[in-house]
Amino acid sequence: MPKSAQKFARLLTEGVHRIRLREAKTIQLVQDELGYALGREGESAIEYWRKGHLPPYLADVEKLARIMVERGRLEREWLEQFLSSAGHPTPEALCEELFPLGQGNLRPVLLDDRPLLAEFNPFVVGPPIMHPRHFFGRDYELKRIFGLWRRFPLQNVAIIGLRRSGKTSLLHYLQKITTVPPDQLRPGQPRDWLPQPDRYRWIFVDFQDARMGRRESLLRYLLAGLHLPVPEPCDLERFMDVVSQRLRQPAIILLDEISAALASPELDEQFWGSMRSLGSNLTGGNLAFLLTAHQAPAEVAEAQGKPSPFFNIFGHSFVLGPLKETEARELIASSPQPFAPAEVEWILGQSKNWPCLLQALCHARLTALEYGELSDAWQQEGLQQIAAYSYLLS
Ligand SMILES: Nc1ncnc2c1ncn2[C@@H]1O[C@H](COP(=O)(O)OP(=O)(O)O)[C@@H](O)[C@H]1O
Ligand SMILES: [Mg+2]
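Treat the numbers as computed from the prediction; the structure is a model and nothing was measured. (Residues numbered from 1 in each chain as written. Chains lettered and ligands numbered in written order. Predicted model: local features only at pLDDT ≥ 70, side-chain atom pairs only at ≥ 80, totals over all residues. Heavy atoms only, no water.)

**Concerning the nonpolar core**
Ranked by size, the top nonpolar core spans 42 residues in total, and within it Val 205, Phe 239, Trp 272, Met 275 and Phe 310 carry the most contacts. At the level of secondary structure, the elements contributing two or more residues to this core comprise β2 (201-206), α10 (215-226), α11 (236-246), β3 (251-256), α12 (258-262), α13 (269-282), β4 (287-293) and α14 (297-303). In terms of residues, this core owes the most to one element, α10, which gives 6 residues. Beyond its immediate chain neighbours, meaning those up to four positions away, Met 275 contacts Leu 219, Leu 236, Phe 239, Phe 289 and Phe 310. Counting residues in hydrophobic clusters, the runner-up holds 30 residues, among them Val 124, Leu 171, Trp 202 and Leu 290. (Core = buried A, V, L, I, M, F, W, Y, C linked by side-chain atoms within 4.5 Å. Buried < 20%, exposed > 50% of the residue type's maximum accessible area, 1.4 Å probe, protein only. Helix = DSSP H or I, 4+ residues; strand = E, 2+ residues; numbered from the N terminus. Contact = heavy atoms within 4.5 Å.)

Okay, here's the thing in structure tokens:
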């Protein structure tokens, strides 16, 4: 197939839509993330290519192809055409690598199986919940947190909880639930939490990603997420100028694992001081932070030798405990094969309604059912699985 910018644009658009549907995100966010993965700022590169321009470097085309095949579960045929339309001289090589012969046409070699598991496995054991459909409960927290973001000024929130209590899952849910298409949700799952959800910008910062601990990459990432231009050089002063002068839309910055951020030497007192100014008086109430921590943020910062007035702007904190019993029952009842009433009670009793324990025990039960195993060995297996998290129960 000859090189064709139009064809490339059409395939790219198809791929972006597939990812958007699979991950329940907006097109803007998907474009942002793809652009960011290629080391670009914001969504403009992807947007530009979708308008009928070819990327100048084949390395970018290949990188984009790998990410899109994986995240969108795109087929071999798409990949082949995508590469050829961009003028790739040897599309077969990458096609062979991602779709080895004998493994069928549909199942690429996956770099990361999380999106697939989240889609097909009714119970998610291990990774945080990425898709709103798999998220249960936290009704109390959702009402109160969205209540703080429905009106101006937007207010800052701290989510406090033990390891595996469900902090990261909650962040993903907050970010996605208001814009996810209703047909991707369970019946009766509320999504109309905000008056004009499309106007909000969401930026998820995972401080376990080493790049986020470097000041300049973090500032660039934040600007990309805010859809603001990136100044050169991108230092703290110029960043502050751009955000305080140009932010016109409500924006929520989700800072996951603040203790990892505090361990970074580049994120120093001056950095946190500037974030405080942005959050409190430079953006006209348009910007809020939400952070997660294992204990009160000011205490965490103190303990890590980085006290900062930034941590005093978190006036609202929520401690994540187990789910309510009704919420836990709803999670269990989502099993595609129903569990016997006594099994449901056993799972509730052993998990004390902690979502990660519920997930592991439900998974053990469902697996045994699917293999037609009649004994109660699944209970032993389940207990072994959750033994590492006994600190949640004490
Ligand atoms: N609201 C929820 N609904 C369903 N499962 C949840 C929920 N919150 C957490 N989980 C489960 O708990 C596990 C740990 O959650 P995670 O968000 O990674 O916790 P943390 O970030 O606090 O360590 C996830 O793998 C998921 O299975
Ligand atoms: Mg987490």
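**Details of the pairing of β2**
The buried fraction of β2 amounts to 5 of the 6 residues, a majority that puts the element mostly inside the structure. Bridge count between β2 and β3: 6 bridges; the pairing is parallel. Each bridged residue has a counterpart across the sheet, and for Ile 203 the counterpart in β3 is Ile 253. (Pairing = 2+ DSSP bridges.)

**Things to note about the sheet that holds β3**
On the basis of which strands lie adjacent, the open sheet formed by 5 strands has the order β2-β3-β4-β1-β5 and parallel pairing. The sheet is open, and its two borders are formed by β2 and β5 (316-319), each paired with just one other strand. When the angles between neighbouring strand axes are averaged without regard to direction, this sheet yields 15°. Here 5 bridges tie β3 to β4, and the two strands are oriented parallel to one another. Each residue of the ladder has a partner; that of Leu 255, found in β4, is Leu 291. Along the sheet, helix α8 (residues 139-149) contacts β1 (157-160), β2, β3, β4 and β5; its crossing angle with β5, the most-contacted strand, is approximately 165°. (Axes fitted to C-alpha atoms, helices over the stretch in contact; angles between N-to-C directions.)

**Observations regarding the packing of aromatic side chains**
Tallied over the full model, the rule gives 17 aromatic pairs. A centroid spacing of 5.4 Å and a plane angle of 15° characterise the contact between Phe 146 and Trp 193, whose relative ring orientation is stacked. Pair noted here: Phe 146 is in helix α8 and Trp 193 is in the loop between α9 (167-177) and β2, with a separation of 47 residues, a long-range link. Looking at Phe 146, the relative accessible area reads 1%, which means it is buried. Measuring from ring centre to ring centre gives 5.7 Å for Trp 149 and Trp 202, while their planes differ by 65°; the resulting arrangement is edge-to-face. In this pair, Trp 149 is assigned in helix α8 and Trp 202 in strand β2, connecting sequence segments 53 residues apart. Judged by relative accessible area, Trp 149 falls into the buried class, the value being 0%. Looking at Arg 186, its charged tip hangs above the ring of Phe 136, at a distance of 3.8 Å from the centre. (Phe/Tyr/Trp six-rings, centres within 6.5 Å; stacked < 30°, edge-to-face > 60°. Lys NZ or Arg CZ within 6 Å of the ring centre and 35° of its normal.)

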